Each structure stands twice: as C-alpha cells, then as structure tokens.
Amino acid sequence: MPKIKKKGQAGAAKNYITRTQAVKKLQLSLPDFRKLCIWKGIYPREPRNKKKVTKSVTASTTFYYTKDIQYLLHEPLLQKFRDQKVLEKKISRALGRGDVSDAARFERHAARPEATGKPRYTLNHIIRERYPTFNDALRDLDDCLSMLFLFANLPSTSAVPAKMIARCERLCLEFQHYLIVSHSLRKSFLSIKGIYYQANIQGEDILWLVPYKFNQRIVGDVDFRIMGTFVEFYMTLLGFVNYRLYSSIGLKYPPKFDQLKDENGAELGAFSLEGVNMATQGETTQAITNGEEQKVDPKVQAEVDKIIKQLKEDESKTDETAEEDAEADDEEKPTDSIDKFEPVAPGGDVLPQPAYSGTDPSQLFANFTFYLSRETPRQPLEFILRAFGCKRIGWDSVLGEGAFTNDESDSSITHHIIDRPVVQAATSEEGDGEDNQTAQKVGPNQRYPGRIYVQPQWVWDCVNDEELKSPELYAPGAALPPHLSPFVKAAPGQYDPTLPLEAQQTEAEAIEADLEDAKDGAAEEGSDVENDMDVDEAEDDEEEEDAEEDVEEDEEGDVEEDEEESKTLQRQLELEAELQGKKVQNKKVDPKTKSKLEQRKALEKKAKEEAEDLERAKGMLSKKKRKLFEQMQYTNNKKSAQDEKLRAKRRKLEKEKAQKA
C-alpha cells in the first residue's frame, strides 16, 4: 500500500517559507535577517501559486526558499548576532534595575565599533565563499565601485557616518592608484548622471559611475540602512580586490597614507606607493650585485664558449636549408600588409580591424605638462591624465596640495586646460587690465606664448579615440564638437552622428528637405516683393499683372499631369500668405520643384505597392508567425521613427548654423 502524503509536507508548501517563519526559525531580528540575506546573496522568491504555499497569504507576503533558510542556520555570523542581542538585553535589564555597575561591566565586554574601533564581526569568510576565484570578484566589481564612489561624495549624517565615508574614499583612491600604475583605464564619458569610466583588468571590462563633485543633498525617502549594508559588504570586497591587484604588480598594500596631505586636499597625492617593482624600476644591474665584480672560472667559461660555437653552427645550417626551400617553392611571398576581417554576408557584424600602432595609448600624455585652471574639475582630470602617462600636472594652490607646480607662468607648461568664456578685460586708469582667462596679469584676452589652451573635453575625446585631437577645435570659447559615448556602437542602418547627413538620410527625406528649402526661398522672395509694394504700389500692381499673364500662358502649355502639383503648391502658398496676413501672389513653379514633386509622387506610389505586396504575403503566414512578424515590424518602425527624428533635428541645426554663417 503506498504511503499517504500529508498536506503541507511536499510540493510548494515545503519548498517555500515566509519571511516571518524564517525570522522565527533563525531567532533573529528583522534588520539582522535582512543584513544576513544581503551578504549571503539570498533574495525573495515568488512562487507560481501562492495559495498552494499557505492559505493566509496576502499581497505583501514575502517568500524564500526553504533550502536557503536552512543554509543560513550554519552561518557563523548568526551566533555573533545572537550574542550581541543577549548582551544588549542584559544591559537594558541592569539599567532597569538601577544597577549601574553591572551595566558598565557589560558595556566593557560589548563590542562597540564606534567607540573602540574594533569591528563586531568580519565578512572575510563571506567574500571567499561568494567569490571562489578572482575573476568572479572582478565581474561583480561594477556595482561595488559605483556604490563606493557615491558614498565617498556624500556628506556625513547620522545615517551615513563620517568613518564610512572616509573608508570609501580611501579604498576608491587606492583603486585609482592601481589603474594609474597599470595603465588599465580605457575609456571615459561625461554624462548627466556623472562620469563613466571603463577599465580592463586581467581581461575583464569594468564599468562604473562617479558622481560630480557637487554638494549632495540627503533626502528622506532613501533607506540608507539598506544601502549601508551593501556598502559594508562592498568595502570588504574592494579591500580584497585591491590587495590582490597591488600584489600582482609587486606593490605593498595598503600604501602609505599621509593624513596631513589628505586634509589639505591632496587626495591622490596623499598616497605613496612602495614595492619591489617600484624600487628596482630605474636601477642598473650593478645595484643588484651591490657593485661587486664576480670572478669567472676559466673551465666554466671554456665550456660555455664551446656550447655557443655549436649553437652558431646549427643556426647557419638551418638558414641554408631555409634558403633552398624558398627557392624551390614559388609560393606567395610574405608582405608587411595586415590581414583584414571582412563580413561574409552583407549586413553582418563588423569586426575591429587590426592596425599598426605607432604610439602607445597608455603614454598618450607622457611628454606634456598640464596646468588646470581653478574652474576645471581637478579630480577627474588628474586621474585621467595620470592614467595615460602624464607625470607633471599643476594647478592653483586653492585646489589643494600635490601639484607639480602652482605657478601658472611656469615655462615648462605645454597645455593649459581652461573652461571660461572669452571676456574682454576692463582696463584701469593706469592702462593695465586683467581678464578672466588667467590668474596672472598677462593682458586682456592674451595667452602665454608657446602654450596650447584647450577645454576639458579635449582630454576625454583624446582618451576615447586613442589619439591627440586637434586643439583648434577645443580652443577657449569655441563651439565644441559633439561628445559621443564610446560605449555605444553604431549598428548598420541606425543614425550615426559621426557620418554626414547625406550619407544616412533616405530618398524621401532628401526630397522633403529640398522641397522645404524651395518653399523657404519662395517665402523670402515673397517678403521682398511685399517690401517693394510698400515703396511703390503702382509698380507692384504692374508686376502682379505680368506675373498673372505669365502664369496663364504657362498653364495653357502645361500637361494635365502637372496641374495637380502646381495646384497643391499654389494652395500651400495661399494658406501661408493667409496665415501671415500677406497678399497672395501667383508664382511660376520652378522646374526643379516640379521634378522633386514627381519624384515624391513616384516614391509614394512605390511605397503603396510594396505595402500591398507585404499585406498579401502576410496573409500566407500562420497566425503565430504573423503576430511575430508584426512585432518585428513595430520595433523596426519605432527605431526608424527615432532615427528620422534625430536626422530632422540635425538638419534643422545645420540649417540654422548655415544661416548664421
């Protein structure tokens, strides 16, 4: 006889457990349970049928896997939380009885990290458990860096203590130092949210967001207790990662930290790196042997000379055989050209083509000396410039310590990064004036000779393109080129801001643009005629009669097919004149406009035929495939509409720019 299954012992009722049941089973408070789940990576689950799990279910009931809660029973942190809870109960009971001595004794045994500086617990074992390999930790570093850089810029409050902010800032600066030494930074992008950075560490691409250095406002609708739990975990993770990264390049971790320099705003300059590689990088081989000359055994030297002689003879023989094989086989000769990867099918993925690299991108700014003006963002500029090889960066003393020079008139400066509009200086009675371009008195709107002045965007565009851009395009006061995201790859058929508009627009869009230009030209001519009417009305009446006679003569000679287009254009002119309150004038239709109208009519006819053919073809599909095809059509049409909107916006901007010029 089969065993009878009891209700609630199998299926969904056994696989899931509510949050209230889990808290009771673990004997924890709700905040501690939430912390433990975040650190261990255990998240709520949604069963397919809540009624099968429990009858007393509501919309706000949270479920977990029973196996996950069972797994938490063996967590060492569980006992730490319980001990802390018991100790707090003892202290509260002693204070309730009025026994201050017992409460003080319990307080001495309690782990108070805010008072003693010693943590109640460590998350080291959880980091090793969740990330078995170092690559696993690197893959999960994006959110970690974004969160820590965010908290490093927050002001200290009761929810965000100052020690947490200082720890986050120090860990982030240590990570930046590794990127500078290893030249691992690849790209950066200025966005509305902040500055995006991308680095490649041991083959893993890491992307994170750094907010701008503005005064952050703490709002009340954000639960910083939850975010603080994540930050506590991420601080431990980044500490492990920094130690491993520093050890991989031979540096000591943690680096030496100068508290006084950090208080004076040095930031990256407050750290001094030490290690084996850094100490022996510029030393000669004599320093390794301590300058002592070693004596060579003559017997050993004779054996070494004999082996070298045999190796040279073998090399000469192999060279002779290689020459004979080359003469015998008349095959393709090797060339210095690089192979190109071409797509097999049209519209396929375009692979990055190999190219000769004359310069190392990691040393892009190695030969330059930069000076940062007071209004420029010093922290991101210093980090990017140092990550790409620059060793000499100066700035004004008000921006903090750590500069190569604070003298703006230093003759060794090659590039001056400035972000101020060009303003004429006000000349005093004595005749000397000072403009807002420099801190020194160098005359109105003048520059130091032999120095290149650029705006901050020049640095980002050079880094993303891996080449030095023309500084004339980024001169102070100049209209900057568009700053495009390096993380977005243009797909074939989509709008690409780097290509000219004529190479992307469709034939219908080109015809509409030409017709609109012709219409604007006709409107300008009409306004000129109206001005002439105000000066001499009699002369204008004669011109109108002549124009009407010309139109009548042209209409008699036109073909019936062109009458519809001319009427349409005339109707448009009448409506525009009526809206503007001007006098309607009959105009002679331009032959170019007629041809464009004919082309538009032909395109509309062709599109109508293609739509009819498509509808007939859709009728041959099954219902499932037809719905799928319609969804694909909807997505493609939506993308095409967005691209068309962007092209129209760009066409309008180019037109306004041409009119101003």
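Residues numbered from 1 in each chain as written. Predicted model: local features only at pLDDT ≥ 70, side-chain atom pairs only at ≥ 80, totals over all residues. Heavy atoms only, no water.

### Details of the overall build of the protein
(1) Moving on: Helix and strand counts for the protein stand at 24 helices and 13 strands.
(2) Moving on: Every one of the 661 residues in the protein was classed for burial, and the buried ones make up 30%.
(3) Moving on: Nonlocal contacts in the protein, meaning residues at least 24 apart in sequence, comprise 62% of its contacts between residues at least 6 apart.
(4) Moving on: A total accessible area of about 44,500 Å² is found for the protein, and carbon and sulfur atoms account for 51% of it. (Helix = DSSP H or I, 4+ residues; strand = E, 2+ residues; numbered from the N terminus. Buried < 20%, exposed > 50% of the residue type's maximum accessible area, 1.4 Å probe, protein only. Contact = heavy atoms within 4.5 Å. Areas by Shrake-Rupley, 256 points an atom, 1.4 Å probe, with all protein chains shown as cover.)

### A word on the pattern of salt bridges
(1) Moving on: Counting across every chain of the model gives 18 salt bridges.
(2) Moving on: The partner of Glu-46 in a salt bridge is Lys-50, with the nearest N and O atoms 3.0 Å apart.
(3) Moving on: Its relative accessible area of 56% is what places Glu-46 among the exposed residues.
(4) Moving on: A salt bridge links Arg-225 to Asp-223; the nearest nitrogen and oxygen atoms lie 3.4 Å apart.
(5) Moving on: Through salt bridges with shared partners, a single network forms among Lys-40, Glu-75 and Glu-129. (Salt bridge = Lys/Arg side-chain N within 4 Å of Asp/Glu carboxyl O.)

### Things to note about a positive patch on the surface
(1) Moving on: Taken together, Lys-85, Lys-89, Arg-93 and Arg-97 make up a surface patch of like positive charges.
(2) Moving on: The exposure class of Lys-89 is partly exposed, given its relative accessible area of 43%. (Patch = residues over 30% accessible without salt bridge, like charges linked within 9 Å, V, L, I, M, F, W, Y side chains within 5 Å. Lys, Arg positive; Asp, Glu negative; His and termini not counted. Charge placed at Lys NZ, Arg CZ, Asp CG, Glu CD.)

### Some remarks on the sheet that holds strand E3 (residues 185-190)
The pairing of strands in a sheet happens through backbone hydrogen bonds and is either parallel or antiparallel.
(1) Moving on: The strand order across the open sheet built from three strands is E3-E4-E5, with neighbouring strands paired in antiparallel fashion. Strand pairing shows two members of the sheet lacking a second neighbour, E3 and strand E5 (204-210), which therefore form its edges. Between one strand and the next, the sheet's axes are offset by a mean angle of 15°, whatever the strand orientation.
(2) Moving on: Against the sheet, helix H12 (residues 162-182) touches E3, strand E4 (195-201) and E5, its axis set at about 60° to E4.
(3) Moving on: Lying over the sheet, helix H19 (residues 457-465) contacts E3 and E4, oriented at roughly 135° with respect to E3. (Pairing = 2+ DSSP bridges. Axes fitted to C-alpha atoms, helices over the stretch in contact; angles between N-to-C directions.)

### Details of the confidence of the model for the protein
(1) Moving on: With 75% of its residues at a pLDDT of 70 or more, the protein has an overall mean of 79.
(2) Moving on: Within the protein, E4 carries the highest mean pLDDT (96), whereas helix H16 (residues 285-288) carries the lowest (31).
(3) Moving on: Contacts of residues 277-294 to residues separated by more than four positions or lying in other chains number four contacts, the stretch itself having pLDDT below 50.
(4) Moving on: Here residues 330-334 is a poorly scored stretch, pLDDT under 50, and it has zero contacts once near neighbours within four places are set aside; other chains count. (pLDDT = per-residue confidence, 0-100.)

### Quick notes on the packing of H12 against helix H13 (residues 224-248)
(1) Moving on: Put simply, H12 and H13 touch, their axes get as near as 10 Å, and they point 30° apart. Taken as axis vectors, H12 and H13 run roughly parallel relative to one another. Relative to H13, the crossing made by H12 is left-handed. Residues Met-164, Arg-167, Cys-168, Leu-171, Cys-172, Glu-174, Phe-175, His-177 and Tyr-178 of H12 form the contact with H13, whose participating residues are Gly-228, Val-231, Met-235, Leu-238, Gly-239, Asn-242, Leu-245, Tyr-246 and Ser-248. (Parallel < 35°, antiparallel > 145°, perpendicular 65-115°, else oblique. Left-handed = near helix turned anticlockwise from the far one by under 90°.)

### Overview of the pairing of strand E9 (residues 392-395)
(1) Moving on: In this structure, strand E8 (residues 369-372) lies alongside E9, joined through four bridges in parallel fashion. Residue Phe-370 lies in a different strand from E9, and its bridge partner there is Ile-393.
(2) Moving on: In this fold, E8 hands off to helix H18 (residues 378-387), which returns the chain to E9; that crossover is right-handed. (Right-handed = clockwise from strand over helix to strand, strands pointing away.)

### Considerations on the pairing of E3
(1) Moving on: With five bridges joining them, E3 and E4 adopt antiparallel strand pairing. By the bridge assignment, Leu-190 is partnered in E4 with Ile-195.
(2) Moving on: Once E3 ends, the chain turns through four residues before running back antiparallel as E4.

### Examining helix H23 (residues 591-618)
(1) Moving on: Compared with the 40 Å implied by 1.5 Å per residue over 28 residues, the 41 Å span of H23 between its first and last C-alpha is a close match.
(2) Moving on: Of the residues making up H23, those classed as buried are Thr-593, Leu-597 and Lys-618. (Expected span 1.5 Å × (residues − 1).)

### A closer look at the packing of aromatic side chains
(1) Moving on: If you walk through the whole model with that rule in mind, you get 21 aromatic pairs.
(2) Moving on: Where Tyr-197 meets Trp-208, the ring centres are 5.7 Å apart and the plane angle is 25°; that geometry is what we call stacked. Here Tyr-197 is found in strand E4, whereas its partner Trp-208 is found in strand E5, with eleven residues between them in sequence. Across the pair, Trp-208 and Tyr-197 agree in class, each one buried. (Phe/Tyr/Trp six-rings, centres within 6.5 Å; stacked < 30°, edge-to-face > 60°.)

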